[in-house]
Amino acid sequence: MNIDNPFVQAPLAGVTDAAFRTVARKFHRGLLFTEMISAEGLCRANWKTLKYTEISSGHNPVVLQLVGRDPVRVALAAGMAEGLGIDGVDINAGCPQSRITGPGSGGALLKDPDRLCEMVRLVRKEVSIPVSVKMRLGYSKDESLALARRVQEAGADFITLHGRTVSMGFSGESDWAAISRVVGDLDIPVLANGDARTEAMAVGLLQRTGATGVMLGRGTRGRPDLPGAALSLFETGSFGRLSHSALFDTVMEHARLEGELFGYLAGMKRMRKHVTWYLKAAGRRFDSHEVYSLETAEGLGGLLERALFAKD
Ligand SMILES: Cc1cc2nc3c(=O)[nH]c(=O)nc-3n(C[C@H](O)[C@H](O)[C@H](O)COP(=O)(O)O)c2cc1C
């Protein structure tokens, strides 16, 4: 992968769908991750799963993330995904949600490194594009050096490391020093992840860890432009924020694309959380009850007009 932006859009379930990725592309050329996609759902061609695999040519470079427990099925899904025109396949070995870890996938793979490494080996054999693993420091304690080394030996081309354990969920802080130790130890590139919510923190995480890149998660909600702005800060020392009229157009376009992907009403319902994030990130006041009853593009347009252009 030839990537000239070290700031990477994280996979966010329910957020980084094809519509979000199309919007994000207007602001930067950095790597985009799909949200986690069930390997089993892909193998069975489940129609809901297939919605999340939608890749348009403008999304490249894009990595598709798979979540699953069975190395053979994950490898099969990876082979199917390669045909979609993606640039890399990622294995989710970090998700702490019990519906994912319960069956032994996501973060639970860190409790079973043999299984995780078998998965990496089989996926590596199955596809000709880069294979990565998105992992945490360990399941309940920091075992990142040993785990990351094993993942590297199994054939991963790069890893993303979130500096929390799986048991921590989202509590506490991402341990940037632990990430830095892994960066220094591995031969393959590492993307550092966790708690870089702003442009300055993104640059800070890159510099503090010496990582190849930084993956940005929660900070990109309502800020699909964040990886581009972080790059601008890194390269030039300054960055701009979207004007209110650019933000208006961005949100309307995002809503149109969600509607195209999921259907008009379902798309508008999916948009409600995005609208909240966009307006919060822009520091605007709004009536959340009104946002959560949005059903039409006209309604959205009116709400945005009032929130963005009304005199304070
Ligand atoms: C709503 C939400 C959905 C997420 N979905 C995924 C996912 O599908 N796959 C994944 O590997 N991580 C997922 N994550 C974790 C993020 O990619 C990222 O590792 C984590 O939020 C820490 O980075 P941050 O502090 O920049 O947010 C999700 C996190 C959140 C908050």
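Everything numeric in this text was worked out from a predicted model, so none of it was measured.

Chemist: Please explain unusual backbone geometry as it appears in this structure.
Modeler: Leaving glycine aside, a negative phi is the common case for residues, and trans is the common case for peptide bonds. A cis amide bond links N60 to the next residue, P61, at an omega of -5°. Within the secondary structure layout, P61 lies in the loop between helix 3 (47–52) and strand 3 (62–67). Backbone geometry at D195 places phi at a positive 75°, although glycine is not the residue there. Tracing the backbone shows D195 in the loop between strand 7 (190–193) and helix 9 (199–209). On the neighbour-count criterion, D195 (19 C-beta atoms within 10 Å) is partly exposed.

Chemist: Hey, could you run me through the environment of Y264 in this one?
Modeler: In this structure, Y264 sits in helix 12 (residues 264–281). Among the residues examined, Y264 registers 15 C-beta atoms within 10 Å and is labelled partly exposed.

Chemist: I'm lost on the site of the ligand in this one. Help?
Modeler: The immediate surroundings of the ligand are formed by 20 residues, with A10, P11, M36, G217 and R218 found nearest. Here the residues of the shell around the ligand sort into eight nonpolar, eight polar and four charged.

Chemist: In this structure, what is going on with the environment of H244? I would like to understand it.
Modeler: Within the element layout of this structure, H244 appears in helix 11 (residues 244–262). Each C-alpha atom of the pair H244 and A177 lies 38 Å from the other, and the pair is 67 residues apart in sequence. In contact with H244, other than residues within four places in its own chain, are L308 and F309.

Chemist: Explain the pairing of strand 7 to me, please; I cannot follow it from the model alone.
Modeler: It is a general feature of regular strands that their side chains alternate between the two faces of the sheet. Residues V190 and A192 point to one face of strand 7 and L191 and N193 to the other, with burial holding for every one of them. What joins strand 6 (residues 158–162) to strand 7 is helix 8 (residues 176–185), and the crossover it makes is right-handed. Inspection of the sheet shows strand 7 paired to strand 8 (residues 213–216) by three bridges, in the parallel sense. When the bridges of strand 8 are listed, N193 appears paired with M215. Where the polypeptide runs from strand 7 across helix 9 and back to strand 8, its parallel neighbour, the crossover connection is right-handed.

Chemist: Sorry, what's going on with the packing of helix 1 (residues 18–25) against helix 11 here?
Modeler: Helix-helix packing: each pair is described by the crossing angle between the helix axes and the interaxial distance. Running from N to C, helix 1 and helix 11 point in directions that differ by 145°, and their axes come no closer than 8 Å. Considering only the axes of helix 1 and helix 11, their crossing is right-handed. Contact residues: helix 1 offers A18, A19, F20, T22 and V23, while helix 11 offers T250, E253, H254, L257, E258 and L261. In terms of residue class, the contact of helix 1 with helix 11 is built from six nonpolar, three polar and two charged.

Chemist: Would you mind showing me how to read the nonpolar core here?
Modeler: Generally speaking, soluble globular proteins have nonpolar side chains that are buried together. If you look at the biggest cluster of nonpolar residues, it comprises 76 residues, and the most contacted ones within it are L66, V120, V123, V151, V214 and L216. Ranked by residue count, the leading element in this core is helix 6 (residues 113–126), at six residues. Ignoring sequence-local partners within four residues, the contact set of V123 consists of V74, A75, A78, V89, I91 and V131. The next biggest cluster of nonpolar side chains, apart from the first, holds 11 residues, and it includes V251, V275, Y278 and A307.

Chemist: Explain the pairing of strand 4 (residues 88–93) here, please?
Modeler: With respect to burial, strand 4 is a largely interior element, six of its six residues being buried. Taking every second residue as pointing to the same face, both faces of strand 4 are buried, with G88, D90 and N92 on one and V89, I91 and A93 on the other. Of the strand pairs in this sheet, strand 3 and strand 4 are connected by four bridges, and their pairing is parallel. Residue Q65 lies in a different strand from strand 4, and its bridge partner there is D90. With respect to chirality, the unit in which strand 3 leads through helix 4 (residues 71–82) into the neighbouring parallel strand 4 is right-handed.

Thresholds applied
Residues numbered from 1 in each chain as written. Predicted model: local features only at pLDDT ≥ 70, side-chain atom pairs only at ≥ 80, totals over all residues. Helix = DSSP H or I, 4+ residues; strand = E, 2+ residues; numbered from the N terminus. Buried ≥ 20, exposed ≤ 12 C-beta atoms within 10 Å, placed from the backbone. Near = placed C-beta within 6 Å. Nonpolar A, V, L, I, M, F, W, Y, C, P; charged D, E, K, R; others polar. Contact = placed C-beta atoms within 7 Å. Right-handed = clockwise from strand over helix to strand, strands pointing away. Pairing = 2+ DSSP bridges. Axes fitted to C-alpha atoms, helices over the stretch in contact; angles between N-to-C directions. Left-handed = near helix turned anticlockwise from the far one by under 90°. Core = buried A, V, L, I, M, F, W, Y, C linked by C-beta atoms within 7 Å.

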